[in-house]
Amino acid sequence: MEAGEIGGALLFVLAVAAAVAVAVSVGAVDFSRPLTAGAPLDFQGAVSWLIGILDGTSTAAADVYGAWVAVRAGLIAPVLQVAVWACMVMSVMLVVEAVYNSVVSLGVKAIGWRPEWRFKWKPLDGADEEKGSAHFPMVLVQIPMYNELEVYKLSVAAACELQWPKDRIIVQVLDDSTDPFIKNLVELECEHWANKGVNIKYATRTSRKGFKAGALKKGMECDYARQSEYIAIFDADFQPEPDFLLQTVPFLLHNPEVALVQARWSFVNDTTSLLTRVQKMFYDYHFKVEQEAGSATFAFFSFNGTAGVWRTVAIRDAGGWKDRTTVEDMDLAVRATLKGWKFVYVGDVRVKSELPSTYKAYCRQQFRWSSGGANLFRKMAKDVLVAKLLLCEESCSADGCLYFLQCHNPHLSHSPGALLTSVGCCLYSHGAYHSHSYKTSKKSTHNAILDFV
């Protein structure tokens, strides 16, 4: 039994003891009444007493039932009532949030809004005659994998075929495989592409501490990785198009305040079964409605863990990768947002991937995401609320009207109910009060709040 399970059991025992103590103190339960005090009771007498209680023939049955009614009315019913009201409030918030995001998504579709309206984007078509490829930033492409026998060739090949100057890109395969046969195959594949002139590195670890987060963190510590300005991350089953970096990196290159460019997922096996079809519907809603609405309103949206490009400085500024939860992607996104960094979602850029094709794999994935999100909320809720209060306080000192809009009308600034449905769904301007040494253009809290209104 793990320490967390022991702690949970102890808390349950303490809660039961406290409930019983309260019931006894208010007179709802009296343990002296069912049995006669001081009278010895043998096994047969105890059985007769229990049978009498169960069939209602014993006078003790009335006493026990009356005690139960008192406990139920005075202790259990109020707690359940509060829980029901809390669930109703959160359900309403979820509905309002979904409606709000849907309206924003439809508005984006109607007016044809694009990220280029807000953030500068200039293509990098080719090398400059005088500078050569020097004006292309150094990019590190990380591919974490674990016993990926079926897809390792596809993912490595897709990363090695990205359109980018060969001397300005490093492909890093982070292999945590435990099967020696698979590890040997992946290493041979990396050697194959290295012989073709691709700057590819094969990295392994002695232990799988931290799992994916630990692998990504270890990969950033390599000497050759320290020179990279941007880091593109693809899971082992993702296959980016050759122009992926040409479409995404310019947002980071021309907008120093942007930390992440997130692309949309597409699927190669979405018609395999009913399960994959349902998953595709869910992901389409997530990207087209939730992610796009967050980006279009300049509010928070989370990193999806893959098919995205990060600014290396932003990762380090946010504290780097942490393995404290199973949703290391959302963890990093929340911490980066609290530091004042901005995210861009580009729905036109799609990366092919595979959906879990079995119900067992799907359940394992969903459990990891849901439990990780709940754990992250427990760890980050205080930081988010403190940032919220600090922002409201600064807004109040800057402009009373803005304070009213921000604190009393939160639906004007971000998606309603988002704080309870996702720990990261806080105001995008949480970091407005932070001074940031890496940004060339700083915005005051006044302007940051106006972005949401």
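Relevant structure appears above.
These figures come from a predicted structure and were not determined experimentally. (Residues numbered from 1 in each chain as written. Predicted model: local features only at pLDDT ≥ 70, side-chain atom pairs only at ≥ 80, totals over all residues. Heavy atoms only, no water.)

**Q** Can you break down the overall build of the chain residue by residue, with the values?
**A** Each helix and strand counted, the chain has 14 helices and 7 strands in total. When burial is assessed residue by residue, the chain has 43% of its 453 residues classed as buried. For the chain, the accessible surface area stands at approximately 23600 Å², while carbon and sulfur atoms represent 61% of it. (Helix = DSSP H or I, 4+ residues; strand = E, 2+ residues; numbered from the N terminus. Buried < 20%, exposed > 50% of the residue type's maximum accessible area, 1.4 Å probe, protein only. Areas by Shrake-Rupley, 256 points an atom, 1.4 Å probe, with all protein chains shown as cover.)

**Q** Give a description of the environment of Thr272 that names residues and reports values.
**A** Along the chain, Thr272 falls in the loop between β5 (258-267) and α8 (274-296). Classification of Thr272 by relative accessible area gives exposed; the value is 53%. Residues Thr272 and Leu355, spaced 83 residues apart in sequence, show a C-alpha to C-alpha distance of 9.5 Å. Among the polar contacts made by the side chain of Thr272, one reaches the main-chain carbonyl oxygen of Asn269 at a distance of 2.9 Å. (Polar contact = N/O pair within 3.5 Å; in protein donor to acceptor, adjacent residues only side chain to side chain.)

**Q** Let's hear about the packing of aromatic side chains: which residues, and what values?
**A** Going through the model one piece at a time under the given rule, you end up with 16 aromatic pairs. Taken together, a centroid distance of 6.3 Å and an interplanar angle of 20° make the contact between Phe287 and Tyr345 stacked. Linking Phe287 in helix α8 with Tyr345 in strand β7 (residues 342-353), this pair joins segments that are 58 residues apart in sequence. Tyr345 matches Phe287 in its accessibility class, with the two residues each being buried. Ring centres of Phe301 and Phe343 lie 5.9 Å apart, and the angle between their planes is 75°; on these two criteria the pair is classed as edge-to-face. Remark: Phe343 occurs in strand β7 and Phe301 occurs in the loop between α8 and β6 (308-311); sequence separation between them is 42 residues. A cation sits over an aromatic face here: Lys196 above Trp193, 4.5 Å from the ring centre. One Lys or Arg, Lys201, reaches over the ring of Tyr224 and ends 5.5 Å from the middle of that ring. (Phe/Tyr/Trp six-rings, centres within 6.5 Å; stacked < 30°, edge-to-face > 60°. Lys NZ or Arg CZ within 6 Å of the ring centre and 35° of its normal.)

**Q** Please give an account of the sheet that holds β7 that cites residues and values.
**A** Taken in spatial order, the 7 strands of this open sheet run β3-β2-β1-β4-β6-β5-β7, and their pairing is mixed. At either end of the open sheet lies a strand with only one pairing partner, and these are β3 (200-204) and β7. Across the sheet, the mean angle separating the axes of adjacent strands is 20° when strand polarity is ignored. Alignment of β5 against β6, held across 3 bridges, turns out to be antiparallel. Bridge pairing in β6 places Gln262 opposite Gly308. Helix α5 (residues 180-195) rests against β1 (139-145), β2 (169-175) and β3 of the sheet, and its axis sits at about 160° to β3. (Pairing = 2+ DSSP bridges. Axes fitted to C-alpha atoms, helices over the stretch in contact; angles between N-to-C directions. Contact = heavy atoms within 4.5 Å.)

**Q** Give me the side chain of Gln142: which residues, what numbers.
**A** Of note, Gln142 is situated in strand β1. Judged by relative accessible area, which is 0%, Gln142 ranks as buried. One polar contact links Gln142 to Gln172, side chain to side chain, over a distance of 2.9 Å. Engagement of the side chain of Gln142 in a polar contact is seen with the backbone oxygen of Leu216, the distance being 3.5 Å. Filtering out sequence-adjacent residues up to four positions away, Gln142 remains in contact with Gln172, Leu174, Leu216, Gly219, Met220, Ile231, Ala232, Ile233 and Phe234.

**Q** Help me get a handle on the pattern of salt bridges, residues and values and all.
**A** Taken as a whole and judged by the stated rule, the model has 10 salt bridges. For Arg324, the salt bridge is made with Asp331, and the minimal N-O distance between the two is 2.9 Å. Look at Asp331 and you get buried, because its relative accessible area is 0%. Here the salt bridges share partners, and the residues they tie into one network are Arg114, Glu116 and Asp348. (Salt bridge = Lys/Arg side-chain N within 4 Å of Asp/Glu carboxyl O.)

**Q** Please set out α8 residue by residue, giving values where relevant.
**A** Over its 23 residues, α8 extends 32 Å from the first C-alpha to the last, a length consistent with the 33 Å expected when each residue adds 1.5 Å. The principal kink in α8, of about 30°, is found at His286. Of the positions making up α8, those classed as buried are Thr276, Gln279, Tyr283, His286, Phe287, Val289, Gln291, Glu292, Ala293, Gly294, Ser295 and Ala296. Just beyond α8, the residue with positive phi is Phe298, at close to 60°. (Expected span 1.5 Å × (residues − 1). Bend = angle between axes of the 7 residues up to and from the residue.)

**Q** Give a detailed account of the pairing of strand β4 (residues 230-233), specifying residues and quantitative values.
**A** The alternating pattern of β4 places Tyr230 and Ala232 on one face and Ile231 and Ile233 on the opposite face, and all of these are buried. Relative to β4, β1 is paired through 4 bridges, and the arrangement is parallel. The residue bridging Val139 from the neighbouring strand is Tyr230, located in β4. Two elements, β4 and β6, share 4 bridges in a ladder whose sense is antiparallel. Note that in β6 the partner of Ile231 across the bridge is Trp310.

**Q** Describe unusual backbone geometry, listing the residues and the values that go with them.
**A** For Asn147, which is not glycine, the phi dihedral falls at a positive 50°. With respect to the secondary-structure elements, Asn147 resides in the loop between β1 and α4 (152-160). We note that Phe211 has phi near 55°; this positive angle belongs to a residue other than glycine. With respect to the helices and strands, the residue Phe211 is situated in helix α6 (residues 211-220). Exposure remark for Phe211: the relative accessible area of 53% places this residue in the exposed category.

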